Amino acid sequence: MTTPQHTIPDELLTSLLANYQKPEDLLGENGLFKQLTKLIVEKALEIEMAEHLGHGKHRPVANPAGNTRNGHSRKTLKGEFGDLPIDIPRDRLGTFEPQLIPKHQTRWTGFDDKILSLYARGMTVREIQAHLEEMYGAEVSPSLISSVTEAVMDEAKAWQSRPLDRVYPIVYLDCIHVKVREGAVRTKAIYLALGVNLAGEKEVLGLWVGQNEGAKFWLQVVTELHNRGVQDIFIACVDGLKGFPEAIESVFPRTSVQLCIVHMVRHGLNYVSWKQRAEVAADLKRIYQSATVDEAERQLSEFEQKWDATHPAIAQSWRRNWSRVTPFFDYPPEIRKVIYTTNAIESLNMGLRKLTKNRGSFPSDDALLKLFYLALRNISKKWTMPIRDWKAALMRFTIQFEDRLPQP
């Protein structure tokens, strides 16, 4: 069954555009688009009023209460077209509730979306205000922008408490640091949990403001994941988060905690000059691309012999964390690839850092949570494909974790 299409006769369009010469004639402050919008909206409101009363204008009263029209009230809407004055019909009993423009609405539905879109791109309230005035000729107060973004908090809280899948083969945990004004400016860590589900799809499981990093904080995080439905995680990839391995093992005792290889390499390169980075990176690669733990141990020893005289901190870091690095070698190449390839959370963090680099600090935890939630919502819309090499990895997961996979 096809839906009937409402078409506008060419003759009418030709007539309306008879005086069209330049874009301003159509889209300008007094252009045709704005005039037509006003006429169509007001006509629609008159139709709504006729439906409400049961009779048309200048027709006999047809409702039991004897309710009739009672003039108009003026409302100014803000939108892409700037300020648009609209005459809203009234009834004598005050029972008319417009559907097209509900009471107390002062902006078009969709205008709020523009505010949220700009906010999610890291623009400040002042920048949003200037942008909307420049692009649409709409003067929007800071309090209005704040009220629009504040409404996002309920949505963010619902997202943070939503049910999760029973099993996630991989969960990456990472953090970025931001500044928050709490009397004095404090640096806080925002922790992200990025899961990869059985379909190979990426999903941000949640974000948390780390007040006191440590086992107690991480126990709260993993307990929350468990309470939201997660029963098992095969591999958790972490960035040396203090207290996290112990916390996750207390809630998910069968989970293998793997220190992120990318972060280990990056940490080591922090001690190296730009001229030597490529050579050091190549030598570190020999360690984590070893076929076995024994070979990796041998490669690490050779690395120490070559670099300890000038850069002892690199090998010391690998030795100190060796027990959290070596689980990597328990897996076949197909699984190693998806553990090592942390592009998913790396690109996620990069997108969030772009938003925060122009901000000196946030006024509150809620302000940064609003921004990050909106940004994550935008970023995740682009995740339409499974992560790279997932089919091969899933086959190995199916073999290695057969007893832990959900049964159909």
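Residues numbered from 1 in each chain as written. Predicted model: local features only at pLDDT ≥ 70, side-chain atom pairs only at ≥ 80, totals over all residues. Heavy atoms only, no water.

Undergrad: Let's hear about the overall build of the protein chain: which residues, and what values?
TA: Scanning the protein chain from N- to C-terminus turns up 18 helices and seven strands. Across the 408 residues in the protein chain, those meeting the buried criterion constitute 45%. Across the protein chain, contacts joining residues at least 24 apart in sequence account for 62% of those joining residues at least 6 apart. Taken as a whole, the protein chain presents about 22,700 Å² of accessible surface, with 53% of it coming from carbon and sulfur. (Helix = DSSP H or I, 4+ residues; strand = E, 2+ residues; numbered from the N terminus. Buried < 20%, exposed > 50% of the residue type's maximum accessible area, 1.4 Å probe, protein only. Contact = heavy atoms within 4.5 Å. Areas by Shrake-Rupley, 256 points an atom, 1.4 Å probe, with all protein chains shown as cover.)

Undergrad: Explain the pairing of strand E7 (residues 256–259) to me, and be specific about the residues and the numbers.
TA: Within a regular beta strand, the side chains point alternately toward one face of the sheet and then the other, so they alternate between its two faces. Covered by surrounding structure in E7 are Ser256 and Gln258 together with Val257 and Leu259, the residues of both alternating faces. Examined bridge by bridge, strand E6 (residues 232–238) and E7 share four bridges and lie parallel to one another. Its bridge partner lying in E7, Ala236 is registered against Val257. (Pairing = 2+ DSSP bridges.)

Undergrad: How would you summarise the pairing of strand E3 (residues 167–182) if you had to cite specific residues and measurements?
TA: The element E3 is largely enclosed, with a buried count of 12 among its 16 residues. One ladder, built from five bridges, connects E3 with E6; its direction is parallel. Bridge pairing links Val167 to Asp232 in E6. Where E3 meets strand E4 (residues 184–196), 13 bridges bridge the pair, whose relative direction is antiparallel.

Undergrad: Could you give an account of helix H8 (residues 215–227), naming the residues involved and the relevant values?
TA: Between the first and last C-alpha of H8 there are 18 Å, a value that for 13 residues agrees with the 18 Å anticipated at 1.5 Å per step. Taken together, the buried positions of H8 are Phe217, Trp218, Val221, Val222 and Leu225. The arc that holds every buried residue of H8, seen down its axis, measures 125 degrees, which confines them to one face. Among the exposed residues of H8, those oriented more than 90 degrees off its buried face are Lys216 and Asn227. At its buried positions, H8 is contacted by E3, E4, strand E5 (202–210) and helix H9 (244–251). Immediately beyond the C-terminal end of H8, within one or two residues, lies Gly229, with a positive phi of roughly 115 degrees. (Expected span 1.5 Å × (residues − 1). Arc of directions from axis to C-beta.)

Undergrad: Outline the confidence of the model for the protein chain, listing residues and values.
TA: Here the protein chain averages 82 in pLDDT, while 87% of its residues score no lower than 70. Looking at the elements of the protein chain, mean pLDDT is at its lowest for helix H2 (residues 23–27), recorded as 69, and at its highest for helix H12 (residues 293–307), recorded as 95. (pLDDT = per-residue confidence, 0-100.)

Undergrad: Lay out the pattern of salt bridges with the relevant residues and their values.
TA: Counted under the stated rule, the structure contains 16 salt bridges. Arg162 is the salt-bridge partner of Glu203, the closest N and O atoms lying 3.2 Å from each other. Linking Glu203 in strand E5 with Arg162 in the loop between helix H7 (152–160) and E3, this pair joins segments that are 41 residues apart in sequence. On the basis of relative accessible area, Glu203 is assigned to the buried category, the value being 18%. (Salt bridge = Lys/Arg side-chain N within 4 Å of Asp/Glu carboxyl O.)

Undergrad: Describe the nonpolar core, with residues and values.
TA: With 98 residues, the main nonpolar core has Trp318 and Phe397 as its most contacted residues. In terms of residue count, E3 provides more of this core than any other element does, 10 residues in total. Not counting residues up to four positions away in its chain, the partners in contact with Trp318 are Met264, Val265, Leu284, Ile287, Tyr288, Leu300 and Val325. Core analysis: the second largest hydrophobic core is formed by seven residues, Val41, Leu77, Leu84 and Ile101 among them. (Core = buried A, V, L, I, M, F, W, Y, C linked by side-chain atoms within 4.5 Å.)

Undergrad: I'd love a proper account of the sheet that holds E7, names of residues and values included.
TA: Here five strands make up an open sheet; going across it, the order is E5-E4-E3-E6-E7 and the pairing mixed. Taken across any chain shown, the strands that pair with only one partner, and hence form the sheet edges, are E5 and E7. Pairwise comparison of adjacent strand axes, ignoring direction, gives a mean angle of 25 degrees for this sheet. The strands that H8 touches are E3, E4 and E5; relative to E5, the one it contacts most, it runs at about 145 degrees. Of the strands in this sheet, E3, E4 and E5 touch helix H17 (residues 365–380), which is tilted by about 170 degrees from E5. (Axes fitted to C-alpha atoms, helices over the stretch in contact; angles between N-to-C directions.)

Undergrad: For the packing of aromatic side chains, give the residues involved together with the corresponding values.
TA: Using the criterion set out here, one finds 11 aromatic pairs in the structure. Measuring from centroid to centroid gives 5.3 Å for Tyr191 and Phe217, while their planes differ by 50 degrees, and the two rings are tilted. A residue pair is termed long-range when its members are at least 10 positions apart, and Tyr191 in strand E4 and Phe217 in helix H8 qualify at 26 residues. Summarising the aromatic geometry, the rings of Trp390 and Phe397 are spaced 5.8 Å apart at their centres and angled 40 degrees between planes, so their arrangement reads as tilted. (Phe/Tyr/Trp six-rings, centres within 6.5 Å; stacked < 30°, edge-to-face > 60°.)

Undergrad: Describe the side chain of Ser317, listing the residues and the values that go with them.
TA: For Ser317, the location among the structural elements is in helix H13 (residues 312–320). The class for Ser317 is buried, based on a relative accessible area of 4%. Other than its neighbours up to four places away in sequence, Ser317 contacts Met264 and His267.

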